[in-house]
Amino acid sequence: MPAPRPGYVLVAEKEIAARVAELGRAITRDYGETNLVLVGVLQGAIPFVADLMRALPIDLTVDFLRASSYGSGTTSSGTVHLAADLSVDIADRHVLIVDDIVDTGHTLAALKRELEARRPRSVRTCVLLDKTGRREIEVTIDYVGFTIPNVFVVGYGLDYDGLYRNLPHVATLEGI
Ligand code: XMP
């Protein structure tokens, strides 16, 4: 069987750029003068964080964490294993978690809970893609790039078996 390959373009490079600029304006408006910590979730959020941070003309710190790839990275008790933790202390800081995609919601809900336990001033969430139809747990997404149907997607940070993160757009995956 041939390996799965990217299919049609679901979100084009230009659409992503326009939406990131809009999100940047909304986040800038909401946070104003407050000094923000952008927390990117490795590895999928790398392109999104890189673009979004440059759309935010405010004081901010960027840091990353990695949810363990063991299982889904979350446990049934709702905790998350961190394969790599933040290097900054977020106590008393305003935190914005930035991720590529929310699917069932378990990963983001657990990450939010984990960071909230560190006594930040606030924790909000921002995702590029939201598969609303797949949600299993309620989690507030404060900033959403695009709502997409329940199809597996690759590109702009999202991978299949480690491949296709470098595509400048979001595409479907054919042949799975
Ligand atoms: P949950 O279900 O916890 O999962 O919201 C979020 C994580 O699942 C992965 N995921 C995908 N990865 N294409 C991908 O490359 C997809 O269509 C997709 N849907 C879910 C992703 O790792 C995300 O962080």
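Keep in mind it's a predicted model, so treat the numbers as computed, not measured.

Q: Help me out: how do you make sense of helix H3 (residues 106-116) in this one?
A: It helps to recall that an α-helix has 3.6 residues per turn; residues three or four apart then point in one direction. Residues Leu-108, Ala-109, Ala-110, Leu-111, Lys-112 and Leu-115 constitute the buried set of H3. Taken together, the buried residues of H3 touch strand S2 (36-42), strand S3 (60-67), strand S4 (82-84), strand S5 (94-102) and strand S6 (122-130).

Q: I tried to follow the sheet that holds S4 on my own but got confused; where do I start?
A: Sheet strands pair by backbone hydrogen bonding; their relative direction is either parallel or antiparallel. Read from one edge of the open sheet, six strands run S4-S3-S2-S5-S6-S7, paired in mixed fashion. Of all the strands in the sheet, the pair left with one neighbour each is S4 and strand S7 (143-147). Adjacent strand axes in the sheet meet at a mean angle of 30° when their direction is disregarded. Judged from the four bridges that link them, S6 and S7 form a sheet pairing that is parallel. Residue pairing for S7: Leu-129 is matched across the bridge by Phe-146. Strand contacts of H3: S2, S3, S4, S5 and S6, with the helix running at about 165° to S5, the strand carrying the most contacts.

Q: Can you help me understand the pattern of salt bridges in this one?
A: In a structure, side chains of opposite charge can pair up when their charged atoms sit close to one another. One pass over the structure, following the stated rule, counts nine salt bridges. One salt bridge connects Asp-85 with Arg-118, and the closest N-O pair in it is separated by 3.0 Å. Note that Asp-85 is positioned in the loop between S4 and S5 and Arg-118 in the loop between H3 and S6, a separation of 33 residues in sequence. Residue Asp-85 is classed as partly exposed on the basis of its relative accessible area, which comes to 42%. Take Arg-118: its relative accessible area is 23%, and that puts it in the partly exposed class. The closest approach of N and O atoms between Asp-159 and Arg-165, which form a salt bridge, is 3.4 Å. On the accessibility criterion, Asp-159 (24% relative accessible area) is partly exposed. One network of salt bridges, with partners in common, ties together Asp-85, Glu-114 and Arg-118.

Q: Help me understand the site of the ligand, please; the structure alone is not making it clear to me.
A: In the region of the ligand, 14 residues are neighbours, and Asp-103, Thr-104, Gly-105, Thr-107 and Val-153 sit closest. Gly-105 is positioned with one of its backbone polar atoms (N or O) 2.8 Å from an oxygen atom of the ligand. In this structure, Thr-107 approaches the ligand through a side-chain N or O atom, which is 2.6 Å from an oxygen atom. For the shell around the ligand, the secondary-structure elements that each account for two or more residues are S5 and H3. Ranked by residues supplied to the shell around the ligand, first place goes to S5 with three residues. For the shell around the ligand, the class distribution of residues is six nonpolar, four polar and four charged.

Basis of the calculations
- Residues numbered from 1 in each chain as written.
- Predicted model: local features only at pLDDT ≥ 70, side-chain atom pairs only at ≥ 80, totals over all residues.
- Heavy atoms only, no water.
- Buried < 20%, exposed > 50% of the residue type's maximum accessible area, 1.4 Å probe, protein only.
- Helix = DSSP H or I, 4+ residues; strand = E, 2+ residues; numbered from the N terminus.
- Contact = heavy atoms within 4.5 Å.
- Pairing = 2+ DSSP bridges.
- Axes fitted to C-alpha atoms, helices over the stretch in contact; angles between N-to-C directions.
- Salt bridge = Lys/Arg side-chain N within 4 Å of Asp/Glu carboxyl O.
- Near = heavy atom within 4 Å.
- Polar contact = N/O pair within 3.5 Å; in protein donor to acceptor, adjacent residues only side chain to side chain.
- Nonpolar A, V, L, I, M, F, W, Y, C, P; charged D, E, K, R; others polar.

Coordinates in, geometry out; function isn't part of it.
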